[in-house]
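Letter by letter, the chains look like this.
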Amino acid sequence: MGNKHSSPVVPHQTHEQRIGINPNHDHSAPTSRISLRYHKSQASLLKSISSHDTLLCEKPSASSHNHHPSVTHPPPILTTYTPLTPSISRQDAEARAYSAFLKSFPEYQSTWILDTLRRTDYARLDRTGETYVDYMGGAQHPESLVRVHSAFLTETVMGNTHSVSNSSKLSSRCADEARDAVLSFFRAPPGYTVVFTANATAALKLVGEAYPFKSNNAYILGADSHNSVHGIREYALRRGAGVHYIPSTSTGGFVLSTAKDILSQHKPQNTSSLFALTGASNVTNAKNPLSIIRFASSLGYHTLLDAAALAPSSIISLSETPVDAMAVSFYKMFGYPTGVGALIVKESFLEILERPWFAGGTVDVVQVPGPIFTRTSVLHEQFEDGTINFMTLPAITDGLRFLSAYLPFLPLRLSCLTHYLVTSLSRLRHDSTGTPVLQILSKLPSRRLKSVGEQGDSGSTISLIFLSAREMIPNSFIEHVAVSRNISLRTGCMCNPGGAASLLGIEDQMRQLYPSVTLKDFERVVGRELGVVRISLGLASNFQDAWKIVMFAASFADSRTRQALWDTWTNVPIGQAV
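Numbers given to residues run from 1 along each chain, matching the order in which its sequence is written. Local features in this predicted model are restricted to residues whose pLDDT is 70 or higher, and side-chain atom pairs enter the listing and the counts only when it is 80 or higher, whereas totals over whole chains, interfaces and linings include all residues. Working from all heavy atoms in the structure, the side-chain values ignore hydrogens and water.

Enquirer: Could you clarify how one ought to interpret the pattern of salt bridges in this entry?
Expert: Oppositely charged side chains can pair when the atoms bearing their charge come close. The rule for a salt bridge is simple: a side-chain nitrogen of Lys or Arg has to be within 4 Å of a carboxyl oxygen of Asp or Glu. Per the stated rule, a full pass over the model turns up 18 salt bridges. Residue Glu454 pairs with Arg447 through a salt bridge whose shortest N-O separation is 3.2 Å. Between Lys520 and Glu523 there is a salt bridge, with the nearest N and O atoms lying 3.9 Å from each other. Pair noted here: Lys520 and Glu523 are both in helix H19 (residues 519–526), with a separation of 3 residues, about one helical turn. Secondary structure follows DSSP: runs of H or I at least 4 residues long count as helices, runs of E at least 2 residues long count as strands, and numbering of each begins at the N terminus.

Right, here's the structure in full:
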């Protein structure tokens, strides 16, 4: 590793052959062009595609039987901007609602480039009729990213990075490019490196298991955090460190002054402590102020940022927020590939970590039998156990390039759709009682974004419960109806028990839990199913998705419809998925 190498030789091909396009294909069909990363490691592979799934502002050419060899046709005019405008011919409820939406949210029109993206890279959502609103669980993959990566793999030979063969050198160079792309995307200054992991959870675990917790230091974290952040407390407690929580507000997140007080109370004395910050909650929709990172650092804390829920729709600059370590999952950002995450980390922070073991790829010499071993001199390799997922790392480079092009437009679009959803859902009333159909529990945005480039103070997640005569309708029933209507949403506590407890107002019951308690035990104490219904929007979301969610929720307002759905649910055969 580290030796220079040349790219493998690839036979000469036309541009169309290189990217898997049939040169005889009739390009009068809708097409567009999306350019992804040009890999230095594969100079012969031009990573650009033309897809028949996308849009072309050109009149169709003549039929093939009228074609004459001597007749020349102008090249197709490719476009990446085709707004989704209300159909003049359509007068149905959805079309009228969309026209009204554009009047209420004229700024949405500034994000119409994402409508083109929906029609191209995410056309399968409309083809299949699936309404996908679980972006917090995982982003949808852009089809162009998969095609480009497939073409790359088809034309290259890649090998294990722990060797010096040509195939291994290519894999190592692709890994280096991916590291550079990650650092560039997050605007990391010199002194940062990237450790590739299986996901954000694995990145957080790397820090937890290796941090030098002692009896005189502490681990500080917010109650509204993912279980992967809570889990680090086990390493702290086993080494005698104190664990201290920053309480959540009733809508998630924390009060900044309260967080500063707790950090100050447990300020490190002649030692170091760890502060873990959840950038954005995956259930309460709260965004915590990143400014607290600098405050904690000034008190002597090492800082860890869980950015898994923040990175998909927010611009993060490590130059402005110099956290010691940050964990991300790439499938949450752009959908493909799964199984790859990263710890973006200061090299100075890695040097103070104490790994509890070693593995293949992390060492230079191991005495067998005996206790002696020497870790590899390359710092990030000391933390990459075994073989990294080298076959998919080129897709990380491309995915980050892809997301960079559209991320500036995303907060504005999501702000419009979230405000529309919150307003429309809150107005729904039961036909028989006039009481609300649902209750939104998660944090609401305090302001509406007006222009491209603005960043919101909350996310685009709506956590709610459905009500019947002011009693909670079981989430499992709501999920059953959603599945029957091709709606992908999420129910439960989302691996964030602290955030969910604050939304549901069951923090007192949480304090009464005992060892070996099960979820069923907890639900018996509370008297109902635990959790919320979560609607989360993302890169491919559009007005039609939001409209379908409103119509889905409105169906529970009609007592006859609701009863019919309930009867169907209660008659589901045992063993069938609900």
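Continuing now.
Enquirer: What am I meant to see in the sheet that holds strand E4 (residues 192–197) here?
Expert: Each strand in a sheet pairs with its neighbour through backbone hydrogen bonds, running either in the same direction (parallel) or in the opposite one (antiparallel). Strands qualify as paired when DSSP identifies two bridges or more between them. Reading across from one edge, E4-E10-E9-E8-E7-E5-E6 is the order of the 7 strands in this open sheet, with mixed pairing throughout. At either margin of the open sheet sits one strand with a lone partner, and together these are E4 and strand E6 (242–246). Between one strand axis and the next, the sheet turns through 20 degrees on average, direction left out of account. Pairing analysis gives 6 bridges linking strand E7 (residues 273–278) to strand E8 (residues 301–306), with the strands arranged parallel. All axes here are fitted lines through C-alpha atoms, helices being fitted over the stretch that makes contact, and every angle between N-to-C directions spans 0 to 180 degrees.

Enquirer: Would you mind going over the environment of Thr321 with me for this structure?
Expert: Positionally, Thr321 belongs in the loop between E8 and strand E9 (325–329). Type-normalised accessible area, obtained with a 1.4 Å probe on protein chains alone, sets the label of each residue: buried when under 20%, exposed when over 50%, and partly exposed for intermediate values. Overall, the relative accessible area of 11% leaves Thr321 in the buried class. Residue contacts are counted whenever heavy atoms from the two residues lie within 4.5 Å of one another. If near-sequence neighbours (up to four positions away) are discounted, Thr321 is found in contact with Tyr192, Leu290 and Ile293.

Enquirer: Honestly, helix H20 (residues 543–554) in this entry has me stumped. Any pointers?
Expert: Because an α-helix packs 3.6 residues into every turn, residues spaced three or four apart end up facing the same way. Here, expected helix span is obtained from the residue count minus one, scaled by 1.5 Å. Helix length check: H20 (12 residues) gives 16 Å between terminal C-alpha atoms against 16 Å at 1.5 Å per residue, within 8%. In terms of residue burial, H20 counts as a mostly covered element, since 9 of its 12 residues are buried. For H20, every residue scored as buried is listed here: Phe543, Gln544, Asp545, Ala546, Trp547, Ile549, Val550, Phe552 and Ala553.

Enquirer: It is not clear to me how unusual backbone geometry should be interpreted in this structure. Could you clarify?
Expert: What you tend to see is this: most non-glycine residues have negative phi, and most peptide bonds are trans. Along the chain, Tyr336 connects to Pro337 via a cis peptide bond; the corresponding omega equals 5 degrees. Inspection of the secondary structure puts Pro337 in the loop between helix H12 (330–334) and strand E10 (341–346). The peptide bond linking Val368 to Pro369 adopts the cis configuration, its omega dihedral lying at -10 degrees. With respect to the helices, strands and loops of the structure, Pro369 is situated in the loop between strand E11 (363–366) and strand E12 (373–375). Its identity is not glycine, yet Arg187 carries a phi of approximately 55 degrees, on the positive side. On the secondary structure map, Arg187 appears in the loop between helix H6 (166–185) and E4. Even without a glycine there, the phi angle at Asn270 is positive, about 55 degrees.

Enquirer: Would you mind showing me how to read the state of the cysteines here?
Expert: Linking two cysteines covalently via their sulfur atoms produces the bond known as a disulfide. The disulfide definition used here is simple: a pair of cysteine sulfur atoms within 2.5 Å. Going through the model one piece at a time under the given rule, you end up with 0 disulfides. Distance from the sulfur of Cys493, which forms no disulfide, to the nearest cysteine sulfur (Cys495) is 9.1 Å. Of the residues examined, Cys493 reaches a relative accessible area of 26% and is grouped as partly exposed.

Enquirer: Can you walk me through the side chain of Glu384 in this structure?
Expert: For Glu384, the position within the fold is in the loop between E12 and helix H14 (393–406). Those residues in contact with Glu384 that lie beyond four places of it in its chain are Arg179, Val194, Val195, Phe196, Gly360 and Thr362.

Enquirer: Could you clarify how one ought to interpret the nonpolar core in this entry?
Expert: If you look at soluble globular proteins, the nonpolar side chains tend to sit buried side by side. In this structure, Phe101, Tyr108, Phe186, Met326, Phe330, Ile344 and Phe466 are the most contacted members of the largest nonpolar core, which totals 111 residues. The leading source of residues in this core is helix H15 (residues 410–426), at 9 residues. In contact with Tyr108, not counting residues within four places along its chain, are Tyr98, Phe101, Leu102, Asp115, Arg413, Cys416, Leu417, Asn542 and Phe543. To form a nonpolar core, buried Ala, Val, Leu, Ile, Met, Phe, Trp, Tyr and Cys residues must be joined to one another through side-chain atoms within 4.5 Å. Grouped together as the second largest cluster of nonpolar side chains are 28 residues, Ala236, Ala308, Leu343 and Phe349 included.

Enquirer: For this particular structure, what's the right way to read the packing of H6 against H14?
Expert: The geometry of a pair of packed helices is captured by two quantities: the angle between their axes and the separation between those axes. Running from amino to carboxyl end, H6 crosses H14 at an angle of 25 degrees, the nearest separation of the two axes being 8 Å. By the angle between their directions, the pair H6 and H14 is classed as roughly parallel. For the pair H6 and H14, the crossing hand works out as left-handed. Together, Cys174, Ala175, Glu177, Ala178, Ala181, Val182 and Phe185 of H6 and Leu393, Pro394, Ile396, Thr397, Leu400, Leu403 and Ser404 of H14 make up the contact between the two elements. Should an angle fall under 35 degrees it is called roughly parallel, over 145 degrees roughly antiparallel, and 65 to 115 degrees roughly perpendicular, with every other angle called oblique. The handedness criterion is simple: a crossing whose near helix is rotated anticlockwise from the far helix by less than a right angle is left-handed, and one whose near helix is rotated clockwise is right-handed.

None of the figures reported here should be taken as evidence of function without further support.
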